[in-house]
Amino acid sequence: KAVTAFAPATVANVSCGFDILGFAIGDMGDRVKVSLSDQPGLRVVSITGDGGRLPLEAEKNTCTVAIQAFLDRLNANQGLDISLMKGLPLGSGMGSSAASAAAALMAVNELMGTPFTKTELVPFAMEAERVACGAAHADNVAPSILGGFVLIRDYAPLDIVKLPVPEGLYTTLIHPHIELRTADSRSVLRRQISLQDAVVQSGNIAGLISALYTSDLKLLGRSLKDVIAEPYRALLIPGFYELREAIQKAGALGSGISGSGPTLFVLSESREIAAAVAKVSEEVYAKIGLGVDVSVAEV
Ligand code: HSE
């Protein structure tokens, strides 16, 4: 018996929501097949689409780490074979490790008779994030499992809030061909922030959440500002400020770093504007002389 599940790419942080907000991009993602096995233990039997770079060891692979946490909670000792089909690039800021863990959990949950709700799967996926980048953040795994926009109101105890998705919202993902490890782009962040920055950040996150409930896309765009992580991470992304200016001129609502980068996400109120953003981004990176992948999707 085997089950295959898909889990999508995600944009974590969504600018001002550092570690507490993310949304799913429905049509890009990873696929995981989980099969019952007579032999004890978890085995990663194949990985495709990673260029041979992901670890097969059960204690390092995000699929098996997540599944092990799931089995431990059930006190189960079922042997399982796992095949991972990567659709997402590594180190891109599109929630690649999270999508693998999320797909693995959805597959094993169905295979074992659905003992957990989707929300209950999130903590298991967070264990995989801890192994992947040293921090058990949930802003990729929660939207990858639940879909749409998701808020992590608190981590202790975990309090996950599904948010509405406004109609007619498009995203352009701009992925320059460099890799950033989440652990590295977390290490450049300051441990302390000023009172003034806390006020600015709170205003923007409140504005963003309000915009999702009222479908006020202009307010959504105005709220895409991050004074906590972006000023430090932008330095790791070639052409960041030039690109941002070109994106605003193309008529986008707003933009930010997707997760820990280097991908940038841009939100627009029509497919045409999202496509125009894609075009100017290609032009900016052609000028810089850096390869880039650009895609447009409805949120
Ligand atoms: N919230 C995490 C970070 C997301 O910004 O480090 C990583 O994709």
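The structure contained in this document is the topic of the report that follows.

Quick notes on the rules
- Residues numbered from 1 in each chain as written.
- Predicted model: local features only at pLDDT ≥ 70, side-chain atom pairs only at ≥ 80, totals over all residues.
- Heavy atoms only, no water.
- Helix = DSSP H or I, 4+ residues; strand = E, 2+ residues; numbered from the N terminus.
- Contact = heavy atoms within 4.5 Å.
- Areas by Shrake-Rupley, 256 points an atom, 1.4 Å probe, with all protein chains shown as cover.
- Lys, Arg positive; Asp, Glu negative; His and termini not counted.
- Charge placed at Lys NZ, Arg CZ, Asp CG, Glu CD.
- Salt bridge = Lys/Arg side-chain N within 4 Å of Asp/Glu carboxyl O.
- Buried < 20%, exposed > 50% of the residue type's maximum accessible area, 1.4 Å probe, protein only.
- Near = heavy atom within 4 Å.
- Polar contact = N/O pair within 3.5 Å; in protein donor to acceptor, adjacent residues only side chain to side chain.
- Nonpolar A, V, L, I, M, F, W, Y, C, P; charged D, E, K, R; others polar.
- Expected span 1.5 Å × (residues − 1).
- Phe/Tyr/Trp six-rings, centres within 6.5 Å; stacked < 30°, edge-to-face > 60°.
- Axes fitted to C-alpha atoms, helices over the stretch in contact; angles between N-to-C directions.
- Parallel < 35°, antiparallel > 145°, perpendicular 65-115°, else oblique.
- Left-handed = near helix turned anticlockwise from the far one by under 90°.
- Pairing = 2+ DSSP bridges.

**Side note on the overall build of the protein chain**
Alright, step 1. From N to C terminus, the protein chain includes 10 helices and 10 strands.
Alright, step 2. Expressed along its principal axes, the backbone C-alpha trace of the protein chain runs to roughly 60 × 40 × 35 Å.
Alright, step 3. Taking the intrachain contacts of the protein chain between residues at least 6 apart in sequence as the baseline, contacts between residues at least 24 apart amount to 71%.
Alright, step 4. For the protein chain, the accessible surface area stands at approximately 12,600 Å², while carbon and sulfur atoms represent 52% of it.
Alright, step 5. Each charge sign in the protein chain was given a centre, from 25 positive and 31 negative side chains, and these centres are 2 Å apart.

**Brief notes about the pattern of salt bridges**
Alright, step 1. In this structure the tally under the stated criterion is 14 salt bridges.
Alright, step 2. Note that Lys 60 is salt-bridged to Glu 57, the shortest N-O span being 3.4 Å.
Alright, step 3. According to the relative accessible area criterion, Lys 60 is partly exposed, its value standing at 45%.
Alright, step 4. In this structure, Glu 242 engages Lys 287 in a salt bridge whose closest nitrogen and oxygen atoms are separated by 3.4 Å. You can see Glu 242 sitting in helix H9 (residues 240–249) and its partner Lys 287 sitting in helix H10 (residues 271–288), a full 45 residues away along the chain.
Alright, step 5. The class of Lys 287 is exposed, set by a relative accessible area of 67%.

**A short note on the site of the ligand**
Alright, step 1. Neighbouring the ligand are the residues Ala 12, Asn 13, Phe 18, Asp 19, His 137, Asp 139, Asn 140, Thr 182, Arg 186, Arg 233, Gly 259 and Ser 260.
Alright, step 2. The contact in question runs from an oxygen atom of the ligand to an N or O atom on the side chain of Asn 13, over 2.7 Å.
Alright, step 3. Within the contact set of the ligand, an oxygen atom lies 2.7 Å away from a side-chain nitrogen or oxygen of Arg 233.
Alright, step 4. About the coverage of the ligand: the protein hides 98% of its 260 Å² of free accessible area.
Alright, step 5. Counted by class, the shell around the ligand contains two nonpolar, six polar and four charged residues.

**Describing helix H3 (residues 118–133)**
Because the α-helix completes a turn every 3.6 residues, residues three or four places apart line up on one side.
Alright, step 1. Here H3 contains 16 residues, and its C-alpha end-to-end distance of 23 Å stays within 8% of the 22 Å for a straight helix at 1.5 Å per residue.
Alright, step 2. Restricting attention to buried positions, one finds in H3 the residues Leu 121, Val 122, Phe 124, Ala 125, Met 126, Ala 128, Glu 129 and Cys 133.

**As for the packing of aromatic side chains**
Alright, step 1. For the coordinates displayed, the defined rule picks out six aromatic pairs.
Alright, step 2. Seen in terms of ring centroids, Phe 70 and Phe 124 are 5.9 Å apart; in terms of plane orientation they differ by 75°. Their pairing is edge-to-face. Of this pair, Phe 70 sits in helix H1 (residues 62–74) while Phe 124 sits in helix H3, and the two are 54 residues apart along the sequence. This pair shows no difference in class: Phe 70 is buried, exactly as Phe 124 is.
Alright, step 3. Three or more aromatic residues link up through ring pairs in this structure, and these residues are Phe 23, Phe 149 and Phe 265.

**Section: the packing of H9 against H10**
Alright, step 1. Where H9 contacts H10, the two axes come as close as 9 Å, and the packing angle between them is 150°. Taken together, H9 and H10 sit at an angle that is classed as roughly antiparallel. H9 and H10 meet at a crossing whose hand is right-handed. Residues Glu 242, Leu 243, Ala 246 and Ile 247 of H9 form the contact with H10, whose participating residues are Val 277, Val 280, Ser 281, Val 284, Tyr 285, Lys 287 and Ile 288.

**Some points on the sheet that holds strand E7 (residues 170–176)**
Alright, step 1. Within the open sheet, the four strands sit side by side as E8-E9-E7-E10. Their pairing is antiparallel. Looking at the sheet topology across the chains shown, the edges are occupied by strand E8 (254–257) and strand E10 (292–298). Put simply, the sheet's adjacent strands are angled 20° from each other on average, direction ignored.
Alright, step 2. Bridge count between E8 and strand E9 (residues 264–268): four bridges; the pairing is antiparallel. Considered in E9, the bridge of Gly 256 is made with Phe 265.

**So, the environment of Asn 77**
Alright, step 1. With respect to the helices and strands, the residue Asn 77 is situated in the loop between H1 and strand E4 (79–85).
Alright, step 2. Considered as a pair, Asn 77 and Ala 297 are 220 residues apart in the sequence and their alpha carbons are 40 Å apart.

**Description of the environment of Leu 80**
Alright, step 1. Along the chain, Leu 80 falls in strand E4.
Alright, step 2. Relative accessible area serves as the criterion here: at 0%, Leu 80 is assigned to the buried category.
Alright, step 3. A C-alpha to C-alpha distance of 9.7 Å links Leu 80 and Val 45, two positions 35 residues apart in sequence.
Alright, step 4. Contacts of Leu 80, omitting those with residues within four sequence positions, involve Val 34, Ser 35, Leu 36, Ser 37, Gly 41, Leu 42, Arg 43, Ile 67, Leu 71, Val 108 and Leu 111.

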